[in-house]
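What follows is the residue order along each chain.
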Amino acid sequence: MNDTTQLPPLPDHLSIDPRSPHHNAEVFKHPVGIRFNGKERTDVEEYCVSEGWIKVAAGKVVDRKGRPMLIKLKGTVEPYYAV
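What you are looking at is a predicted structure, and each value in this text was computed from that prediction instead of being measured.

About the criteria used
Residues numbered from 1 in each chain as written. Predicted model: local features only at pLDDT ≥ 70, side-chain atom pairs only at ≥ 80, totals over all residues. Heavy atoms only, no water. Phe/Tyr/Trp six-rings, centres within 6.5 Å; stacked < 30°, edge-to-face > 60°. Lys NZ or Arg CZ within 6 Å of the ring centre and 35° of its normal. Helix = DSSP H or I, 4+ residues; strand = E, 2+ residues; numbered from the N terminus. Buried < 20%, exposed > 50% of the residue type's maximum accessible area, 1.4 Å probe, protein only. Contact = heavy atoms within 4.5 Å. Polar contact = N/O pair within 3.5 Å; in protein donor to acceptor, adjacent residues only side chain to side chain. Lys, Arg positive; Asp, Glu negative; His and termini not counted. Salt bridge = Lys/Arg side-chain N within 4 Å of Asp/Glu carboxyl O. Pairing = 2+ DSSP bridges. Axes fitted to C-alpha atoms, helices over the stretch in contact; angles between N-to-C directions.

### What to know about the packing of aromatic side chains
Moving on, step 1. Throughout the structure, instances matching the rule amount to zero aromatic pairs.
Moving on, step 2. The aromatic ring of W53 is capped on one face by K72, whose charged end is 4.6 Å from the ring centroid.

### Focus on the environment of N37
Moving on, step 1. As for its position among the elements, N37 is in the loop between β2 (32–36) and β3 (39–41).
Moving on, step 2. Residue classification places N37 among the partly exposed residues on the basis of a relative accessible area of 44%.
Moving on, step 3. Measuring from C-alpha to C-alpha, the distance between N37 and G52 comes to 9.8 Å, with 15 residues separating the pair along the chain.
Moving on, step 4. N37 has contacts with K74, G75 and T76, leaving out every residue within four places of it along the chain.
Moving on, step 5. Side-chain polar atoms of N37 contact the backbone nitrogen of T76, separated by 2.8 Å.

### Some thoughts on the side chain of E46
Moving on, step 1. Along the chain, E46 falls in strand β4 (residues 44–48).
Moving on, step 2. Of the buried charged residues, E46 lacks a salt bridge, with K55 as the closest side chain of opposite charge at 4.2 Å.
Moving on, step 3. Here the side chain of E46 touches H13 through a polar contact of 2.6 Å, side chain to side chain.

### A closer look at the sheet that holds β2
Moving on, step 1. Read across the sheet, three strands follow the order β3-β2-β7 without closing on themselves; strand pairing throughout is antiparallel. Two strands in the sheet have a free side with no partner beyond their single neighbour: β3 and β7 (77–81). Going from strand to strand, the sheet's axes swing by 35° on average, the running direction of each strand aside.

### A closer look at the side chain of H13
Moving on, step 1. Within the element layout of this structure, H13 appears in strand β1 (residues 13–15).
Moving on, step 2. If we ignore the near neighbours within four places in the chain, the residues touching H13 are H22, E46, Y47, C48 and W53.

### Comments concerning the environment of F36
Moving on, step 1. Counting through the fold element by element, F36 comes out in strand β2.
Moving on, step 2. By relative accessible area, F36 is classed as buried at 7%.
Moving on, step 3. For the pair F36 and I54, spaced 18 residues apart in sequence, the C-alpha separation works out to 8.0 Å.

### Here's the deal with the pairing of strand β5 (residues 53–62)
Moving on, step 1. In this sheet, β5 lies alongside β4 in antiparallel orientation, the contact comprising four bridges. Residue pairing in the sheet places C48 in a bridge with W53 of β5.
Moving on, step 2. Here β4 folds back onto β5, and the loop between the two strands holds four residues, one of which, G52, carries a positive phi near 70°.
Moving on, step 3. Bridge analysis of β5 against strand β6 (residues 68–74) gives six bridges, and the strand direction is antiparallel. Bridging from a neighbouring strand, V62 pairs with P68 of β6.
Moving on, step 4. Linkage of β5 to β6, two consecutive antiparallel strands, is achieved through a turn of five residues, within which G66 is found at a positive phi near 85°.

Take it as geometry only, folks, not as evidence of what the structure does.
Right, here's the structure in full:
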């Protein structure tokens, strides 16, 4: 890893939806990974470390605005930069 690059700290609550108040564009300039209950997850839409949950799409089901329906899974959440 290049020491001249400063990565912003990963927030406690982060969402990939730009309309969300928990969206942080600076964090998404770098690849972010999520480890949930010890397993890598690539389908996470939103997470909260302190409350211990992630939100993932519920299959191909969408709401009336065309966004995926999300389900909340509870467990151990570990975000990291995949550098």
